[in-house]
Amino acid sequence: MPDMSASVSLAVTHLAPLAKEVDENKVTPGVLGFIVFAVMALAVWGLMKSMSKHMRKVDFKEADPSGEETAEAEAVGGAKPRQN
C-alpha cells in the first residue's frame, strides 16, 4: 500500500491558509448543508407517507380458532386464514 503521508501533508499545506480566513465565531453549514438536510427531510417525508399507505392496507384482525372468521372471510371474498 503506498504511503499517503506526502499527499496528506501537501493537502494540509494548501488548506491551512484557507482555515485562517474562516471566522471561528461564524462557522455555518452553508448552502450545501441546507441542501443535504432538505433532501433528507424530503426522503423521510416520502418514506413516512409510503409507510402510512402500506399500514392502512394491513388487516389487524386475528384468525378465530373456531372457524367463524373463515366463513366470514370467504363470504366477503377474502383469503382464508392460514391453518397451522
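Once a new chain begins, its residue numbering starts again from 1 and follows that chain's sequence as written. Only residues with pLDDT of at least 70 are given local features in this predicted model, and only at 80 or more are side-chain atom pairs given and counted; all residues enter the totals for whole chains, interfaces and linings. With hydrogens and water excluded, all non-hydrogen atoms of the structure serve as input to the side-chain values.

**Q** Just checking my understanding: could you explain the overall build of the chain for this structure?
**A** Each helix is a run of DSSP H or I of at least 4 residues and each strand a run of E of at least 2, with the numbering of both proceeding from the N terminus. Secondary structure assignment for the chain yields three helices and zero strands. Going from N to C terminus, the chain has its helices and strands arranged as α-α-α. Relative accessibility thresholds used throughout: buried, under 20% of the residue-type maximum; exposed, over 50%; partly exposed, between the two (1.4 Å probe, protein chains only). Classification of the 84 residues of the chain by burial places 2% in the buried group. Using a 1.4 Å probe, accessible areas were evaluated by the Shrake-Rupley method; residue-level cover was limited to the displayed protein chains. Of the roughly 8,200 Å² that the chain leaves accessible, carbon and sulfur atoms contribute 65%.

**Q** How do you make sense of a nonpolar patch on the surface when you look at a structure like this?
**A** A contiguous nonpolar patch, built from V44, M48, M51, M55, V58 and F60 and spanning about 610 Å² of accessible area, is present on the exposed surface. With respect to the helices and strands, F60 occurs in the loop between helix 2 (30–57) and helix 3 (68–76). The exposed category is assigned to F60, whose relative accessible area is 62%. Patch building starts from residues that exceed 30% relative accessible area and form no salt bridge, then joins like charges within 9 Å and nonpolar side chains (Val, Leu, Ile, Met, Phe, Trp, Tyr) within 5 Å. One speaks of a salt bridge when a side-chain nitrogen belonging to Lys or Arg is within 4 Å of a carboxyl oxygen belonging to Asp or Glu.

**Q** Looking at this structure, how should I read a positive patch on the surface?
**A** Positive charge is attributed to Lys and Arg, negative charge to Asp and Glu, and no charge count is given to His or to the chain ends. Where a charge lies is defined by one atom per residue type: Lys uses NZ, Arg uses CZ, Asp uses CG and Glu uses CD. Residues K49, K53, R56 and K57 make up a contiguous surface patch of positive charge. Structurally, the position occupied by K53 is in helix 2.

**Q** What should I look at first to understand the confidence of the model for the chain in this one?
**A** One rule of thumb: low pLDDT means the predicted coordinates there are not for detailed reading. A residue's pLDDT is simply how confident the predictor is in it, with values from 0 to 100. Residue-level pLDDT values for the chain average 75, and 54% of them are 70 or greater. Considering each helix and strand of the chain separately, the mean pLDDT is smallest for helix 3, with a value of 56, and largest for helix 2, with 95.

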